[in-house]
Every structure is written in structure tokens, then in C-alpha cells.
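# Structural description and commentary
Residues per chain are reported as follows:
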Amino acid sequence: MSEPRPEAPSHRWYQSAIFYELYVRAFRDSNGDGHGDLRGVIEKLDYLQELGVECIWLPPIYQSPLFDDGYDISDYYVIHPDYGTEADFEQVIVEAHARGMRVITDLVLNHTSDQHPWFLESRSSRTSPKRDWYVWSDTDVRYIDTRIIFLDVETSNWTYDEATEQYYWHRFYTSQPDLNYDNPEVQDAMKAVMQYWLEKGIDGFRVDAVPYLYEREGTNCENLTETHDYSKQLRTMLDDRWPDAIMLAEANQPPADVREYFGDGDEFHMAFHFPLMPRIFMALELEEVRPILEALERTPAIPDGTGWCTFLRNHDELTLEMVTEEERQWMWSVYAPEPRMRLNLGIRRRLAPLLGGNPRRIMLANRILFSLPGSPILYYGDEIGMGDDIDLPDRHGVRTPMQWSDGLNAGFSEAHPADLYLPVINDDTFGIARVNVASQQTDSDSLFQQMKRLIALVKQHRPYLTGSVAFLNGFDPSVLAVRRTSEAGDLVALHNLSARPLAFDLPAPIGGMTPIDYPESGGRLESSRAELDPYGSLFFLRS
Ligand code: TEU
């Protein structure tokens, strides 16, 4: 008798969860010191539950000199005092779980802070037992084919260390020396870090900068086989002891390279869909669906049990690393007209300013994201249309205090305004008087309320959004017609990417479907004729 066919892997929680990137320093200051903290996160979990968030991602909250906002870790086992204590962190987990929300944290594998004791010991002498925990060289010409990521600041991936007269390797800031993953001690040390926090009850990790773990001569030192081999070791460790926990890869790479991080379903559970993200912005500016279709046509199939994490913006610059030079120059011209809006190969602006503060375009962008395959991840503050401050250095302008009210410090902190880690946004367009949670929670037409209703609608129709995707032809070039097909049936979304009202007869297959009641989406059906407002959408179902 043949073996019974194994059940198709059931739909896993992360394959359609609503994620939310919550920068702790920016979210809520509970003790009035001017920095957001973990007890402040607890204060605001009801807000996240109201929005419909199902999994919170916390960027690094560990001991750090904060030269890279915590992505330069000096102790993986200690919560940064600005954020609180380990007990506070454990309480965040308890309180989030009590509200049906999961929590993943940031795992910065690739490098540490140059103030980490491991590096201080490594650089202390060439014979230090920790020397080989980092990548040292007598010259700065090894791995010569490796690009520099932080182009605006660094001129080399090597920095000379006077004390021991050797160079050390760093793919990011010079204050972030890369760990040497050819050293089994390093491999084991980071596994121990993962186990420590998993035992605290976290639901997994967003794994930072994973393509860069290993270096090999004659390569670009990205996406190497050894990196995948080690990632699979981490996955095996999770599967053995924490089977419901996930690994989400930050692999800002071309589609075929990102695909490799899913392995055969035995590596990362999820990966950010970097190739799609800039093409949504291209399509919105061109008012043409082509860039989105091209991105998805280039998106390889991924194994059962894995999923994309789709996003519009995050705590970094809107990266243009994965578009052509010509596309990049055009994107900069339309979305970053002032050179200071640019950073490295990206744009350091938030979603609302990028879309002209137009709530209809912001909601369209989210409806498009939510109708495509993957689990959407919102960036804190984008749900209320927060602005940015390009006068602040690096990426700080998109990391300003969350705007809870129009009161002191936007309700973020009771500290003196001069003591805030960053100033609140207070310009005429996105300032706290016009953009804050409190006013939007009482205004049924606010962006917050529209996002909340969109998330509820997505959850209501989730069974239709877990299957395959196809794009329907025969529409205006500005109409993105997405068909999702699953065991539950078909869902069709029509999105008008243009500023023009559009009206057209529904083609037969859609004509027989049931329109979803979603009046604020900017579309309506008049007999069998579809009418889409500028930036409007229509949704249809067939069970
Ligand atoms: O970014 C890793 C990375 O590859 C960046 O180039 C990223 O692709 C770019 O900033 C656009 O998103 C991660 C973190 O997200 C970033 O905040 C850190 O500065 C960096 O690693 C170093 O830890």
C-alpha cells in the first residue's frame, strides 16, 4: 500500500498575519526620560490590538552605543537601560500574547558593535583567543569585489586597526565589525543568543543583514552557500525546540537570490519582498500596473509553508539597491527631489510624504499590498499618516516619536521637549495638531480608521487570500486586476492607480462574482459597469 500522502502543510500563522514594525525608542516613553521604552509598549498594546496587529517586530533593544540605533550591539544578553529591564521585556511578551499578538525580535547576526567585549578582546592582540571571532587581514584588498552598502559614509569595507596593524572587515559602519562565521565558536555563540531569547517566549526573529555572513575570495560576499548552510542549522534548531517560532530574512537581494533563503522549506520561514516594494511606488507614480506585474513575474515560487513579508516602508531608507541605475535616478527625481532626501541608494522619507499626504493614495497603496500574496508589515506611524524630518541625520527623520495626541510631545513623553531622543514632527502638514492617534480614533473617516477597517476586511476574507495569484488582462493600463484563488474560492481586486475616474463594463468572469461591501474603497458597481474613483478599488468574491 502506498504511503498516505502527507497532509499539505496547513496554513501557518505567519503566512497571512498582519505584522507591525514597532521602534521601541519612538513608541511611548513611560518614565519621562525622553526615550520610548518597553513599559510604554505595554501601555499601547490595546491600541495595536484595536488596529488589528497580529505580530509585532521589535528592532534591536539590546545594550548598544546606538551609533546605528541599536544595530550595533555590545551585549546580546542585556536589554538597553533606556528600554527597561529583562522583566519588562518578559512582560511585553506576556501582555502581547494575552491579546493574541506575537512578538518577534531583531537578530543581528552579521556584526557587533566595536564596543562589544568580544571585539575589544579580539582587537587587543593578534594572539587574543577572540582574534578569529572577527575578520582580520594584513591588507585592505581582500574580497575586492564586495560593494559598500553605506556608500554615503564609508569608503571601504576595511578599517585599519593601529594597535595590531591589521584591517578588520565591516559591511556597514566602521563601528560594526563583521563576525567571522568561519569560526565555529561564533556560530555557536549566536545560536546561544537565539536560544536565550526563545526561552523567554518570543515568537521568532527578523534576521538582520543575513546575505553578508560569510566572505569568500572571487565573490561579492553575498548569498554564499555557507550562509544558507548556517541558516539551515538555525532553522533546524527552531524546528526541534520552538516549532511555532519563525525566522524572517532581511535579504535585500534580487528575486532569485531571495528565493534561496527559503531553501526547500527548511531555511527561512519568511523573507521581506524587497524586489516588489520600490515597484509599487514606481507604479503609483507612473499610474501604470506594469512595474508591479514585472516584479511579480520575476518572483519565483516559494516552498509550501513559507511566505513573503510585504511592505511599503520601514525604519531604513526606501531602498533602491534592487532597481536599475536609470530607474533609481527616475525614482529619486520624482520621490526625492531634494538631494538631502536621499541616503545611500535610497530615499529617507516616510510613506505619507512620499505619496503627497494623500490619504486616498496611501489607502490604495495599502489595498494593493494587502491584495497581493504575502503578510503585510506596517511601519509604526504610517497607519496615521506620520510625516518625516529630513533635517535630522541618517535615517532618524523616519524614526521620530509616535504622535499619540496634539498635547505635550505628542503624548509620547512627559519629559521636557529638549530631553526627547528626537523632536516630534511639528510642520503644518504632518505636525501633531493634524496627525495624531487620539483625533483619528474619534474620526470615522481618518486614515487610522480606514486602515483598521481594511485590516478587519482582510481578516474576514483571509481564506481567499492564502492561495495563488494571477493578474487579469484587458483593463485600462492603470487598473491592477488581481485574482487570488484558494480552496475557499476566488477573490478579485481591481485597483485604479490613476488620478482619473474610470468606468468600464466588467468582463464576464468577474460579472458573475459577488461584490464585497467596502464602500470607502472608492469603487462601485452600476448594473454590470464598474466605476472606480481616482485611486479607488473594487473587490469581488466567488465561493
Ligand atoms: O540593513 C541591512 C541592509 O542591507 C541595508 O542596506 C538595507 O538593505 C538598506 O538600509 C535598505 O533597507 C539592516 C538594518 O535594517 C539597518 O537598519 C542597519 O543599519 C543595517 O542592517 C546594519 O545592521
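We now turn to the structure provided with this report.

Each value, and the rule that gives it
Residues numbered from 1 in each chain as written. Predicted model: local features only at pLDDT ≥ 70, side-chain atom pairs only at ≥ 80, totals over all residues. Heavy atoms only, no water. Pairing = 2+ DSSP bridges. Helix = DSSP H or I, 4+ residues; strand = E, 2+ residues; numbered from the N terminus. Axes fitted to C-alpha atoms, helices over the stretch in contact; angles between N-to-C directions. Near = heavy atom within 4 Å. Polar contact = N/O pair within 3.5 Å; in protein donor to acceptor, adjacent residues only side chain to side chain. Areas by Shrake-Rupley, 256 points an atom, 1.4 Å probe, with all protein chains shown as cover. Nonpolar A, V, L, I, M, F, W, Y, C, P; charged D, E, K, R; others polar. Buried < 20%, exposed > 50% of the residue type's maximum accessible area, 1.4 Å probe, protein only. Contact = heavy atoms within 4.5 Å. Parallel < 35°, antiparallel > 145°, perpendicular 65-115°, else oblique. Left-handed = near helix turned anticlockwise from the far one by under 90°. Salt bridge = Lys/Arg side-chain N within 4 Å of Asp/Glu carboxyl O.

## What about the sheet that holds strand S12 (residues 307–311)?
What the eight strands build is a closed barrel, ordered S1-S2-S5-S9-S10-S11-S12-S16; its pairing is parallel. For this sheet, the mean angle separating the axes of adjacent strands, direction not counted, is 25°. Here strand S11 (residues 270–272) runs beside S12; their pairing, made up of three bridges, is parallel. Across the sheet, residue phenylalanine 272 finds its bridge partner in S12, namely cysteine 309.

## Quick word on the site of the ligand
Neighbouring the ligand are 20 residues, the closest being Asp68, Arg206, Asp208, Asp316 and Arg395. Between the ligand and glutamate 250 there is a distance of 3.0 Å, counted from an oxygen atom to a side-chain nitrogen or oxygen. Measuring from an oxygen atom of the ligand, one finds a side-chain N or O atom of glutamate 317 at 3.1 Å. Expressed as a share of its isolated accessible area of 490 Å², the protein-covered part of the ligand is 100%. In terms of residue class, the shell around the ligand is made up of six nonpolar, five polar and nine charged.

## Details of helix H9 (residues 277–286)
With eight of its 10 residues buried, H9 lies for the most part within the structure. What H9 keeps buried is the set Met277, Pro278, Arg279, Ile280, Phe281, Met282, Ala283 and Leu284. Considering only its buried residues, H9 is in contact with helix H10 (290–297), S12, strand S13 (318–319), helix H11 (325–335), helix H12 (351–354) and helix H13 (359–371). Once H9 ends, the next one or two residues include glutamate 287, with phi positive near 60°.

## As for the packing of H9 against H11
Their axes nearest at 11 Å, the elements H9 and H11 cross at an angle of 60°. Regarding the angle of H9 to H11, the classification is oblique. The way H9 lies across H11 gives a crossing that is left-handed. Judged by residue contacts, Pro278, Arg279, Phe281, Met282, Leu284, Glu285 and Leu286 of H9 engage Glu327, Trp330, Met331, Val334 and Tyr335 from H11.

## Here's the deal with the pattern of salt bridges
Under the definition given, this model contains 45 salt bridges. One salt bridge connects aspartate 316 with arginine 395, and the closest N-O pair in it is separated by 2.9 Å. Taken as a pair, aspartate 316 in the loop between S12 and S13 and arginine 395 in the loop between strand S16 (375–379) and helix H14 (437–441) lie far apart in primary sequence, 79 residues in all. Across this residue pair, the class does not change: aspartate 316 and arginine 395 are buried. The network of salt bridges with shared partners includes Asp68, Asp69, Asp316, Asp394, Arg395 and Arg399.

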